[in-house]
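Take a look at the letters that make up each chain.
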Amino acid sequence: KAGVTQTPRYLIKTRGQQVTLSCSPISGHRSVSWYQQTPGQGLQFLFEYFSETQRNKGNFPGRFSGRQFSNSRSEMNVSTLELGDSALYLCASSSGTGASMKAEAFFGQGTRLTVV
Amino acid sequence: GEDVEQSLFLSVREGDSSVINCTYTDSSSTYLYWYKQEPGAGLQLLTYIFSNMDMKQDQRLTVLLNKKDKHLSLRIADTQTGDSAIYFCAEGSGGYQKVTFGTGTKLQVIP
């Protein structure tokens, strides 16, 4: 069974640009969550999608957005990049069905974004 | 809001046991997790415990939960150099995969 795939693995962008990151969850998983990992702030929750709907959102500005497609693949977009957006962006997938949340969330290797 | 705290660093000798501690604030936590992150890699789920359990054992790993004190620990028996990594404690209190992570504990195993 293939794991969670994130593309690209590494990305360098300049301030003011926008970026789109992609996450393909484990086959059959319908929930995709996104996290930002930085040395200063640690791992912070961005948002979670299930069946193409955003169910939960962390405390990030509106420059951070996401979406999920009918095949459960998800993208996140960051517009007007700032230096502080440099981070490892991690995606996690789980079956995430209904109220009885499955415990296991499997993470991808992440996309390392550097803003210069 | 939810908060999860861990000590930043732990050093042990190969073959000894490691105990990584974590405290959390959200009393409605449903699941508590331990993840491992090796350099340049994503997070690997090691184990998790449901909030109505006190203990869970999985091979070399033992998780202890004190719900009254909101304290979680991960014990690694017979620690190996391959166990060197950052270990994250996390809690999930919602039904929608919003997981709050601790700062991570860097485990250094000395040969």
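Here the structure is shown first, and the text comes after it.
The model shown is predicted, which means the values in this text are computed figures rather than measured ones.

Student: Hey, could you run me through the overall build of chain A in this one?
Tutor: Across its full length, chain A carries 0 helices and 11 strands. Ordered by position from N to C terminus, the α and β elements of chain A give β-β-β-β-β-β-β-β-β-β-β. Against the globule reference of 13 Å for 116 residues, chain A gives a C-alpha radius of gyration of 14 Å, in line with a compact fold. Taking as baseline every contact in chain A between residues at least 6 positions apart, the subset at least 24 positions apart corresponds to 56%. With the model as given, the accessible surface of chain A reaches about 5400 Å², and the carbon-plus-sulfur share is 48%. Here chain A holds 12 positive side-chain charges and 6 negative ones, and the gap between their average locations is 3 Å.

Student: Where do I start with the environment of A:Arg112 in this structure?
Tutor: Residue and element names in this part refer to chain A. Summarising the element assignment, Arg-112 is placed in strand S11 (residues 111–115). Relative accessible area serves as the criterion here: at 38%, Arg-112 is assigned to the partly exposed category. Between the C-alpha atoms of Arg-112 and Cys-91, which are 21 residues apart in sequence, the distance is 12 Å. The residues contacting Arg-112, other than those within four sequence positions of it, are Arg-9, Tyr-10, Leu-11, Ala-87 and Leu-88.

Student: Sorry if this is basic, but what is going on with the interface of chain B and chain A here?
Tutor: Frequently, the measure chosen for interface size is the accessible area that the parts lose on association. In this assembly, 18 residues from chain B lie in contact with 22 residues from chain A. Counting the surface lost from both chain B and chain A, the interface buries some 1900 Å², and carbon and sulfur atoms represent 57% of this. Between the two partners, chain B and chain A, sit 0 salt bridges. Counting the contacts that link chain B with chain A gives 1 residue pair in polar contact (both at pLDDT 80 or more). At the level of secondary structure, the elements contributing two or more residues to the side of chain B that touches chain A comprise strand S4 (31–37), strand S5 (43–50) and strand S10 (99–101) of chain B. Top contributing element to the side of chain B that touches chain A by residue count: S4(B), with 4 residues. In terms of residue class, the side of chain B that touches chain A is made up of 11 nonpolar, 6 polar and 1 charged.

Student: How do you make sense of the nonpolar core when you look at a structure like this?
Tutor: Side chains that are nonpolar tend, in soluble globular proteins, to be buried together. In this structure, A:Trp34, A:Leu46, A:Phe64, A:Met76 and A:Tyr89 are the most contacted members of the largest nonpolar core, which totals 21 residues. At the level of elements, strand S3 (19–24), strand S4 (31–38), strand S5 (42–50), strand S8 (74–78), strand S9 (87–94) and S11 of chain A are the ones that each hand at least two residues to this core. Judged by nonpolar contacts, the second largest core, of 20 residues, contains B:Val4, B:Val12, B:Leu46 and B:Leu74.

Rules used in this analysis
- Residues numbered from 1 in each chain as written.
- Chains lettered and ligands numbered in written order.
- Predicted model: local features only at pLDDT ≥ 70, side-chain atom pairs only at ≥ 80, totals over all residues.
- Heavy atoms only, no water.
- Helix = DSSP H or I, 4+ residues; strand = E, 2+ residues; numbered from the N terminus.
- Rg over C-alpha atoms; globule rule 2.2 N^0.38 Å.
- Contact = heavy atoms within 4.5 Å.
- Areas by Shrake-Rupley, 256 points an atom, 1.4 Å probe, with all protein chains shown as cover.
- Lys, Arg positive; Asp, Glu negative; His and termini not counted.
- Charge placed at Lys NZ, Arg CZ, Asp CG, Glu CD.
- Buried < 20%, exposed > 50% of the residue type's maximum accessible area, 1.4 Å probe, protein only.
- Buried area = accessible area lost by both parts, 1.4 Å probe.
- Salt bridge = Lys/Arg side-chain N within 4 Å of Asp/Glu carboxyl O.
- Polar contact = N/O pair within 3.5 Å; in protein donor to acceptor, adjacent residues only side chain to side chain.
- Nonpolar A, V, L, I, M, F, W, Y, C, P; charged D, E, K, R; others polar.
- Core = buried A, V, L, I, M, F, W, Y, C linked by side-chain atoms within 4.5 Å.

Read these as geometric descriptors, not functional statements.
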